[in-house]
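# Architecture at a glance
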Amino acid sequence: MTASSVLFLSALSTVFSFGHAFTLLTFDVDGTLVSSSGWADSAHGRAYPYAVSKILGQNKSVKPVPDVLKRDDFHGSTDGLILLRLARAALDVPPKEAAASLDELMSCMYRYISELSDEEVGHGLTVLPGVLSTFESLAKMKDEVMCGLVTGNVEGIARRKMRSVGIYQTG
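Summarised in this report is the structure supplied together with it. (Residues numbered from 1 in each chain as written. Predicted model: local features only at pLDDT ≥ 70, side-chain atom pairs only at ≥ 80, totals over all residues. Heavy atoms only, no water.)

## Examining the packing of helix 2 (residues 43-55) against helix 6 (residues 102-114)
For the pair helix 2 and helix 6, interaxial distance at closest approach is 8 Å and the crossing angle is 130 degrees. In terms of orientation, helix 2 lies oblique with respect to helix 6. In this structure, helix 2 crosses over helix 6, and the sense of that crossing is right-handed. In this structure, helix 2 contributes Ala 43, His 44, Arg 46, Ala 47, Tyr 48, Tyr 50, Ala 51, Val 52, Lys 54 and Ile 55 to the contact, and helix 6 contributes Glu 104, Leu 105, Cys 108, Met 109, Tyr 112 and Ile 113. (Axes fitted to C-alpha atoms, helices over the stretch in contact; angles between N-to-C directions. Helix = DSSP H or I, 4+ residues; strand = E, 2+ residues; numbered from the N terminus. Parallel < 35°, antiparallel > 145°, perpendicular 65-115°, else oblique. Left-handed = near helix turned anticlockwise from the far one by under 90°. Contact = heavy atoms within 4.5 Å.)

Listed below in structure tokens is the structure:
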């Protein structure tokens, strides 16, 4: 069972244990809740080459994603797809070979992020206008509304990004 299927089953059990009808609102992270500047210098951006180097490159130096891939090859993509593309472009690791290590790569990215402070994780992230007030209002409607993230980010990284900018604390 993959990490994503465990997350789905966990979310599904939460939905069914809620006990009554409710509205489920889902939000993407990047470009919907937050904007970012300096992609390659962000904590999330640094986690990709770190993981590819550690897991597939025997600690060989791997350049930042924007230095190796065209913008269309990473912008709007899932973390997993970016990792596979980076492994191929930077280390010439075929996608099938890299895919066998995808869970380990994503875990390595999360470990990298988890060792950073909220300030470091949030550096370069800006909460988009109206987001905090919207979540503060939604937090008062817990019996009628459940909110979730639908993102291509590694789950733990998405949570850290939300915590680092104060969204997670809204309830």
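## So, the pattern of salt bridges
The full count for this structure, using the stated rule, is four salt bridges. The partner of Asp 30 in a salt bridge is Lys 161, with the nearest N and O atoms 2.9 Å apart. Remark: Lys 161 occurs in helix 9 (residues 155-164) and Asp 30 occurs in the loop between strand 1 (23-27) and strand 2 (34-36); sequence separation between them is 131 residues. Using a relative accessible area of 34% as the deciding quantity, one classes Asp 30 as partly exposed. The closest approach of N and O atoms between Glu 155 and Arg 159, which form a salt bridge, is 2.8 Å. Taken as a pair, Glu 155 and Arg 159 lie in helix 9 at a separation of four residues, close to a single helical turn. The class of Glu 155 is partly exposed, set by a relative accessible area of 34%. (Salt bridge = Lys/Arg side-chain N within 4 Å of Asp/Glu carboxyl O. Buried < 20%, exposed > 50% of the residue type's maximum accessible area, 1.4 Å probe, protein only.)

## Quick notes on the packing of helix 6 against helix 9
Running from N to C, helix 6 and helix 9 point in directions that differ by 25 degrees, and their axes come no closer than 8 Å. Viewed along their axes, helix 6 and helix 9 adopt a mutual orientation that is roughly parallel. Between helix 6 and helix 9 the crossing geometry is left-handed. Contacts between helix 6 and helix 9 pair Met 109, Tyr 110, Ile 113 and Ser 114 from the former with Gly 156, Ile 157 and Arg 160 from the latter. Grouping the amino acids of the contact of helix 6 with helix 9 by side-chain chemistry returns four nonpolar, two polar and one charged. (Nonpolar A, V, L, I, M, F, W, Y, C, P; charged D, E, K, R; others polar.)

## Some thoughts on the side chain of Ser 77
Mapped onto the fold, Ser 77 is located in the loop between helix 3 (65-68) and helix 4 (79-91). For Ser 77, the contacting residues outside a window of four places in its chain are Ile 82 and Arg 85.

## Here we look at the environment of Gly 122
Considering the arrangement of structural elements, one finds Gly 122 in helix 7 (residues 118-122). Measuring from C-alpha to C-alpha, the distance between Gly 122 and Met 162 comes to 8.5 Å, with 40 residues separating the pair along the chain.

## Here we look at helix 2
Along its 13 residues, helix 2 runs 18 Å from first to last C-alpha, staying within 8% of the 18 Å computed at 1.5 Å per residue. For helix 2, the set of buried residues is Ala 43, His 44, Gly 45, Ala 47, Tyr 48, Pro 49, Ala 51, Val 52 and Ser 53. Looking at the buried side of helix 2, the elements it contacts are helix 3, helix 4, helix 6, helix 7 and helix 9. (Expected span 1.5 Å × (residues − 1).)

## Side note on the environment of Val 165
In this structure, Val 165 sits in the segment after helix 9. Along the chain, Val 165 and Thr 126 lie 39 residues apart, while their C-alpha atoms are 7.3 Å from each other. Contact partners of Val 165, with chain neighbours within four places excluded, come to Val 34, Leu 125, Val 127 and Leu 132.

## Considering the packing of aromatic side chains
Inspection of the entire model under this criterion finds four aromatic pairs. When the ring of Trp 39 is compared with that of Phe 74, the centres are 4.9 Å apart and the planes differ by 40 degrees; the resulting orientation is tilted. With Trp 39 in the loop between strand 2 and helix 2 and Phe 74 in the loop between helix 3 and helix 4, this pair connects stretches of sequence that are 35 residues apart. By relative accessible area, which is 9% here, Phe 74 ends up buried. A ring pair is formed by Tyr 50 and Tyr 112, whose centres lie 4.8 Å apart and whose planes are at 40 degrees; its orientation type is tilted. Linking Tyr 50 in helix 2 with Tyr 112 in helix 6, this pair joins segments that are 62 residues apart in sequence. We classify Tyr 50 as partly exposed; its relative accessible area is 32%. An aromatic cluster is built from Trp 39, Tyr 48 and Phe 74, whose rings are joined through pairwise contacts. (Phe/Tyr/Trp six-rings, centres within 6.5 Å; stacked < 30°, edge-to-face > 60°.)

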